[in-house]
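Understanding the architecture of this molecule
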Amino acid sequence: MSIIHVTQIRNYITNLFEDIIDLTDVETAHLQQKENFLLTRSLTAYAVYYLASASVEAAAASITDGSEDNGIDALHYEERNKTLYIVQSKWIYDGNSEPSNGDVKKFLSGIKDLFNLRFEVFNSKVNSMKDKITDAVLDANTNFEVILVYTGLNFSDHSKRDIDDFLADVNDASEICSVTILNQSKLHESLRSGVTGDPINIQMGIKEWGKKSEPYEAFYGQVNGAEVAQWWTNHGKKLFAKNLRELIGETDINKDIRKTIEEEPEKFWYYNNGITIVCNSIRKSALGGGDNAFGNFVCEDISIVNGAQTVGTIGKFGSDGAALEHLQSLYVPVRIISLEQAYEDFGKQITKNNNTQNRIENRDFVSLDPQQARIQTELAIEGIKYHIMRSETIIRAEKTFDLVESTTALACASSSVAIAVQLKREIGKLWENIEKTPYMQLFNPGISGLYVWNCVQVQRCVDREIQLITSSKEGRDYSVAVHGNRIISHLIFQDINPNSLKSPSFNFEDFLTRTDISVLVQNNYDFLNQSINDFYSNAVIPTLFKNVSKCHDLVNKINEIKVGTPD
């Protein structure tokens, strides 16, 4: 059946892309070679079209295949879910073989070059997307979807191990990257379902269910974790087709969800906000009768509009068959809203408001800390405005700053490398519990308002100088300055001795006359860049600065260099 499937795939993708795939760079190639380029590039474009839900035109425009492509055949950034799709494709005529291990290694090496912004090793097609790729790589919220698409059926154990090693390295600090293998069988299956897929219909059991009839029909209750995992297995990210954010990488929120699954599954219902589903219709089956202890519901054309992180985390946990039994003891709050009798845009309004209303962040709890009120009062006496509440309109000015600035400055001034790394990874984690570390290492009775303000002023100077460095750098050097900014600040605070900023007699203007911040920033940037080149030359820069042990090692090595450097 392989040849038949390959032929069907060929006919489908060439019908889509034959007239718009750019072949101008291979015009002089022999007819058979030109046909191979068309098939390979059409397959590449189809992967983007299918997995990123891109338009035919956008998918065709994503092609980077050609001389000096460094193993990467397409790049497509999807703003809606902040995902950069990175594709390699192989057209396998007989439908039986597989991509060579050498091609897979080249692809993975090329991705690392891309992450390190080494545009000099890529062709003009990749470089034409340089600004967009750079913005994506430098954005901490970007996810990376690596796609290997081919018309064969097999995949070697060597290549699987290479991909596993690549993911372990790139996702060292947090899960920002995933790999999708789109082989012949999955390609053929995708042709039957179409790009957006057939409507997803789910039959689910709901425990202790209830009903809301007006103005629109909805049901609510508890769904078993094993059942949620099965949704993920069957449908994956297509469950979130109408979600504003889809599934993001492994944030600290997702880790907390997983921790509850592993350690306290019986408490999951109490801790989790649950799942909101919209569907075209809901029908309760006769199973269970009128008793609301348990009901069986048939939901047609569903989409999960809130709770993507919950579903994705449960689904990934349940991908290990042995874990499914563990999920049997877990129940998730769920509500299902029928759009059958609703006005046209009601589903869109549900999606929008479920993802924007009443969102409480860790930062919101900080205003409850009496130390913050004390610091704010001390600074107000000095004519300095300190904004704590997220709801306040904040305009940073010469004598105005906010909680983000204070936390950033104090984290960099801290003697703890781990806190500076956490700042880079996710600042909200520093506010998670105002009664424990790391928050209390930053904000405690021993921290005066003027010390906070002095640290903020130093941090502002450092940030300005780092910005000047980035303006003159490219590629990996640029990435080190951007992603390493908090480690650079940490090193500078240690150089100037942050305890000096605690003195009531400290004068910032005098400090600036005797301290050349520009030289300090440049020197520490150079030390950091050189240490990375010497000891972490193969590291993926964005990931490196989110790894506590590696950053701690870099700081130690730089301090050793400084000891041997004359003043």
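Everything that follows concerns the structure shown earlier in this document.
Small disclaimer: the values here were computed from a predicted structure and weren't measured. Position numbers for residues count from 1 along each chain, tracking the sequence in the order it is written. For a predicted model such as this one, the threshold for reporting local features is a pLDDT of at least 70, and the threshold for listing and counting side-chain atom pairs is 80 or more; totals across whole chains, interfaces and linings nevertheless cover every residue. Side-chain metrics rest on all non-hydrogen atoms present in the structure, leaving aside hydrogens and water.

**As for the sheet that holds strand β4 (residues 177–182)**
Taken together, four strands build an open sheet; the order of strands is β1-β2-β3-β4 and the sheet is mixed. Because the sheet does not close on itself, it has two edges, and the strands there are β1 (74–78) and β4. For this sheet, the mean angle separating the axes of adjacent strands, direction not counted, is 20°. Two strands are said to pair when DSSP picks up at least two bridges between them. Only DSSP runs of H or I reaching four residues or more are called helices, and only runs of E reaching two or more are called strands; each is numbered from the N terminus. Strand direction decides the pairing type here: strand β3 (residues 143–150) and β4, joined by six bridges, are parallel. When the sheet's bridge partners are listed, Glu 145 is paired in β4 with Ser 178. On the sheet, helix α2 (residues 31–51) packs against β1, β2 (83–90), β3 and β4 and is oriented at approximately 145° with respect to β2. Note on definitions: angles span 0 to 180 degrees between N-to-C directions of axes, and those axes are lines fitted to C-alpha atoms, for helices only across the stretch in contact. Only heavy atoms enter the contact rule, under which two residues are in contact if any of them lie within 4.5 Å.

**What to know about the pattern of salt bridges**
We define a salt bridge as a contact between a side-chain nitrogen of Lys or Arg and a carboxyl oxygen of Asp or Glu at a distance within 4 Å. Here the structure, examined in full by the defined rule, presents 23 salt bridges. Of the charged contacts in the structure, one is a salt bridge between Glu 378 and Arg 374, with a shortest N-O distance of 2.9 Å. Of this pair, Glu 378 and Arg 374 both sit in helix α16 (residues 370–381), four residues apart, roughly one helical turn. The partner of Lys 562 in a salt bridge is Asp 495, with the nearest N and O atoms 2.9 Å apart. Residue Lys 562 is found in helix α26 (residues 548–563), and its partner Asp 495 is found in helix α22 (residues 485–496); the two are separated by 67 residues along the sequence. With a 1.4 Å probe rolled over the protein chains alone, any residue whose accessible area is under 20% of its type maximum counts as buried; one over 50% counts as exposed, and the rest are partly exposed. A relative accessible area of 36% places Asp 495 in the partly exposed class. When salt bridges that share partners are traced, they join Asp 25, Arg 41, Asp 65 and Lys 125 into one network.

**Overview of the packing of helix α17 (residues 403–413) against helix α18 (residues 417–425)**
It is the contact of α17 with α18, at a shortest axis distance of 7 Å, that shows an interaxial angle of 145°. When α17 is examined against α18, the residues Thr 408, Ala 411 and Cys 412 are found in contact with a partner set consisting of Ile 419, Ala 420 and Leu 423. All amino acids are sorted into three groups, where Ala, Val, Leu, Ile, Met, Phe, Trp, Tyr, Cys and Pro are nonpolar, Asp, Glu, Lys and Arg are charged, and the leftover types, Gly among them, are polar. For the contact of α17 with α18, a count of residues per class yields five nonpolar, one polar and no charged.

**Re the packing of aromatic side chains**
Within 6.5 Å between ring centres, the rings of Phe, Tyr and Trp (the latter by its six-membered ring) count as paired, and their orientation is classed by plane angle as stacked under 30 degrees, edge-to-face over 60, tilted in between. Evaluated as defined, the whole model comprises 19 aromatic pairs. On the numbers, 5.9 Å between centres and 85° between planes, the contact of Tyr 12 with Tyr 46 is edge-to-face. Residue Tyr 12 is found in helix α1 (residues 2–17), and its partner Tyr 46 is found in helix α2; the two are separated by 34 residues along the sequence. By relative accessible area, which is 28% here, Tyr 12 ends up partly exposed.

**Focus: the side chain of His 76**
As for its placement among the helices and strands, His 76 is situated in strand β1. Polar contacts, as counted here, are pairs of nitrogen or oxygen atoms within 3.5 Å of one another; within protein the pair requires one atom able to donate a hydrogen and one able to accept it, and residues that are adjacent in sequence qualify only if both atoms are side-chain atoms. Side-chain polar atoms of His 76 contact the side chain of Glu 78, separated by 3.1 Å. Residues within four places of His 76 in sequence aside, it is in contact with Val 48, Ala 52, Ala 54, Ala 58, Ser 62, Thr 83, Leu 84 and Tyr 85.

**Comments concerning the sheet that holds strand β10 (residues 303–306)**
The sheet built from seven strands is open, its strands ordered β8-β9-β5-β6-β11-β7-β10 with mixed pairing. Across the chains shown, the open sheet's two edge strands, defined by having one partner strand only, are β8 (281–284) and β10. Across this sheet, the average inter-strand angle for adjacent strands is 40°, counted without regard to direction. Pairing of strand β5 (residues 202–212) with strand β6 (residues 218–224), which is carried by four bridges, proceeds in the antiparallel orientation. Residue pairing in the sheet places Lys 212 in a bridge with Ala 218 of β6.

**Some thoughts on empty space enclosed by the protein**
Throughout, the protein atoms alone are placed on a 1 Å grid, and a set of points is a cavity if a 1.4 Å probe fits but cannot get out or a pocket if it is open with protein on both sides within 12 Å along at least five of seven lines; lining residues have an atom within 4 Å of a point. Grid points are joined across faces, edges and corners, and a volume is the space filled by probe spheres set on the points. On inspection of all chains with the given rule, the structure shows two cavities of 30 Å³ or more. One number sums up the size of the largest cavity: a volume of about 120 Å³. Contributing to the lining of the largest cavity are 14 residues, with Asp 139, Ala 140, Ile 176, Pro 542 and Lys 546 lying nearest its centre. At the level of elements, α6 (130–138) and α25 (541–544) are the ones that each hand at least two residues to the lining of the largest cavity. Class assignment for the residues of the lining of the largest cavity results in eight nonpolar, four polar and two charged. Size it by volume and the second largest cavity reaches roughly 30 Å³.

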